[in-house]
Amino acid sequence: MSIPVITIDGPTASGKGTVASRVAAALGFAFLDSGALYRLTALSALEAGIDLSDEPALAALAKALEVRFEGECILLRGREVQDAIRQEAVGNAASKIAALPAVRAALVGLQHGFRQPPGLVADGRDMGTVIFPDAPLKVFLTASAEARASRRYKQLIDKGFPANMTALLQDLKERDARDTGRATAPLKPAEGAHVLDTSDMTIEQAVTQVLDWYRRPGDSLAQGN
Ligand code: DC
């Protein structure tokens, strides 16, 4: 029997990270934040002064990522970077390098390695379409650009980072366009994915819905897209 995976894909700040980690905790599954891998590669590149269009150098960096996930902490070569990788500049750089096929290919093995018993919840852009196409449950989580920008604003302010709503909304729309429009692994709902718009939902409601879909797969077929 293959190890079950729940894929939760969606645009930036759609709430998928929080929903995915809570679903994982509820089921006792491992959790993969695949965006963090692109962010870690971007942070390494920015720190090493590597040009964000130098595909071979970026792919080599991605392949050699020395990363450990320990609860809330993310360690890059032993250094805590969970806050550093959340900065907007790093997110933007991540979105740019994520469009490069060699970078994406370099991160595939690392992502597959997270599939461990009893199961995995994987969050990202191409979890259901490319990385885990055989996942028994695929979810596409979305929300309006305005709802997502205000969530991101709150996250940044809570972490003590400066934030500007107009700039955030603009950035988010540009990032959406890049993630959706790229040739390799573009952001889109996987075939058979359940689409969930969380604009007017609480986190708890979204988590409950995903758990329901997982526990009662037969009941929800009519709602799938
Ligand atoms: O989910 P996030 O905002 O942390 O992701 C940062 C960037 O990484 C995002 O703009 C697109 C990219 N990404 C991707 O291309 N594929 C994934 N599976 C996850 C993230």
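About the criteria used
Residues numbered from 1 in each chain as written. Predicted model: local features only at pLDDT ≥ 70, side-chain atom pairs only at ≥ 80, totals over all residues. Heavy atoms only, no water. Pairing = 2+ DSSP bridges. Helix = DSSP H or I, 4+ residues; strand = E, 2+ residues; numbered from the N terminus. Near = heavy atom within 4 Å. Polar contact = N/O pair within 3.5 Å; in protein donor to acceptor, adjacent residues only side chain to side chain. Nonpolar A, V, L, I, M, F, W, Y, C, P; charged D, E, K, R; others polar. Contact = heavy atoms within 4.5 Å. Patch = residues over 30% accessible without salt bridge, like charges linked within 9 Å, V, L, I, M, F, W, Y side chains within 5 Å. Areas by Shrake-Rupley, 256 points an atom, 1.4 Å probe, with all protein chains shown as cover. Salt bridge = Lys/Arg side-chain N within 4 Å of Asp/Glu carboxyl O. Axes fitted to C-alpha atoms, helices over the stretch in contact; angles between N-to-C directions.

**So, the sheet that holds strand β3 (residues 67-70)**
The strands making up a sheet associate through hydrogen bonds between their backbones, and the pairing can be parallel or antiparallel.
Moving on, step 1. Read across the open sheet, the 3 strands follow the order β3-β4-β5; overall the sheet is antiparallel. With partners counted over all chains shown, the strands left at the sheet margins are β3 and β5 (79-80), one partner each.
Moving on, step 2. Of the pairings in the sheet, the one linking β3 to strand β4 (residues 73-76) comprises 4 bridges and is antiparallel in character. When the bridges of β4 are listed, Glu 70 appears paired with Cys 73.

**Focus: the site of the ligand**
Moving on, step 1. Taken together, 18 residues surround the ligand, and among them Arg 39, Arg 104, Arg 125, Asp 126 and Arg 182 come closest.
Moving on, step 2. Between the ligand and the protein, one listed contact pairs an oxygen atom with a side-chain N or O atom of Arg 104 at 2.7 Å.
Moving on, step 3. Contributions of two or more residues to the shell around the ligand are made by α2 (34-48), α4 (88-97) and α9 (165-181).
Moving on, step 4. Looking at the shell around the ligand residue by residue, the classes come out as 4 nonpolar, 5 polar and 9 charged.

**Quick look at the environment of Ala 13**
Moving on, step 1. Within the secondary structure, Ala 13 is located in the loop between β1 (5-9) and α1 (16-27).
Moving on, step 2. Residues within four places of Ala 13 in sequence aside, it is in contact with Arg 148, Arg 151, Arg 152 and Leu 172.

**Side note on a nonpolar patch on the surface**
Moving on, step 1. Side chains of Tyr 153, Ile 157 and Met 165 sit close together on the surface and give an oily, nonpolar patch of about 240 Å² of accessible area.
Moving on, step 2. Secondary-structure assignment places Ile 157 in helix α8 (residues 145-158).

**A few points about the sheet that holds strand β7 (residues 137-142)**
Moving on, step 1. A sheet is described by the order of its strands in space; here 5 strands give the open sequence β2-β6-β1-β7-β8, paired in parallel fashion. The sheet is open, and its two edges are formed by β2 (30-33) and β8 (194-197), each paired on a single side. The mean inter-strand angle of the sheet, taken between neighbouring strand axes irrespective of direction, is 20°.
Moving on, step 2. Note that β7 and β8 share 4 bridges and pair parallel. Within β8, the position partnered with Leu 141 by the bridge is Leu 196.
Moving on, step 3. Against the sheet, α1 touches β1, β2, β6 (120-124) and β7, its axis set at about 180° to β6.

The values reported here are purely geometric and, on their own, carry no functional implication.
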